[in-house]
Amino acid sequence: EPAVSAVGGSQAGDALSFAFLADELITSLAPSFGPAHGGTTVRVAGSGFVDQPELSCRFGTHVSPATKFVSAHAVWCTAPAALRALGGEPAGDTELRVANNGVDWSNALRFEFAHDVELEDISPAAGPEAGGTAVVVSGRHFTNTSELACRFGMFWAPARYLSERAIRCTTPRRSLARAETVTVR
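Conventions adopted
Residues numbered from 1 in each chain as written. Predicted model: local features only at pLDDT ≥ 70, side-chain atom pairs only at ≥ 80, totals over all residues. Heavy atoms only, no water. pLDDT = per-residue confidence, 0-100. Helix = DSSP H or I, 4+ residues; strand = E, 2+ residues; numbered from the N terminus. Pairing = 2+ DSSP bridges. Axes fitted to C-alpha atoms, helices over the stretch in contact; angles between N-to-C directions. Buried < 20%, exposed > 50% of the residue type's maximum accessible area, 1.4 Å probe, protein only. Contact = heavy atoms within 4.5 Å.

Student: Give me the confidence of the model for the protein: which residues, what numbers.
Tutor: On average, the protein scores 88 in pLDDT, and the residues at 70 or more come to 90%. Mean pLDDT per element in the protein: strand β1 (residues 3-4) is the minimum at 50, and strand β9 (residues 74-78) is the maximum at 98.

Student: An account of the sheet that holds strand β14 (residues 149-152) is requested, with residue identities and associated values reported.
Tutor: One open sheet holds the 6 strands; their spatial order is β12-β13-β16-β15-β14-β17, and the pairing between them is antiparallel. Each having just a single partner strand, β12 (118-123) and β17 (182-184) make up the two edges of the open sheet. Here the strands of the sheet are splayed against their neighbours by 30° on average, with no regard to which way each runs. Summarising the sheet, β14 and strand β15 (residues 155-163) pair through 4 bridges and their orientation is antiparallel. From the neighbouring strand, Cys-150 faces β15, where its bridge partner is Ala-157.

Student: Residues and numbers for the environment of Trp-105, please.
Tutor: Tracing the sequence through the fold places Trp-105 in the loop between β10 (92-99) and β11 (109-114). Trp-105 sits in the partly exposed class, given a relative accessible area of 22%. Remark: the alpha-carbon pair of Trp-105 and Arg-58, spanning 47 residues in sequence, is separated by 8.3 Å. Those residues in contact with Trp-105, other than ones at most four positions away along the chain, are Ser-56, Cys-57, Arg-58, Val-63, Arg-97, Val-98 and Ala-99.

So this is what it looks like as structure tokens:
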């Protein structure tokens, strides 16, 4: 580890140390979007990540400590509210970057803050315990992504995007759902 010491003067105490770190590289985000109210845990895959207190994530202009160091190839970051990351905008795209030292930032990948989904109706509102019922969930601000899903109790079912105002999901067996509430991600 290289040492730093004063040249041409008196030196008080020991030399300081400075570590040279590999450049961070982000290759993917999962998920690459989240609700405008924030709180989405994003798995950032790449290389060069180092487990140290300064490991940070930057969504737009908002900087926060990484939520979890997984390995040199993965960290978790938690998205802030869009208003913080986008400088007052309620939703939109921003850049996600990572820095081992909280100063020198990696390349950026796009992260989308979607308007918070507003659920209005589900049709039909009942079906057999065996599952298999195709239901249409209507509301506002649905986003056409591969991660779009309906949660029936504890079970996530893939959703098919129909429009910004409607999606279609197929109900699971009741024993998998264990509850009758429906949410969307």
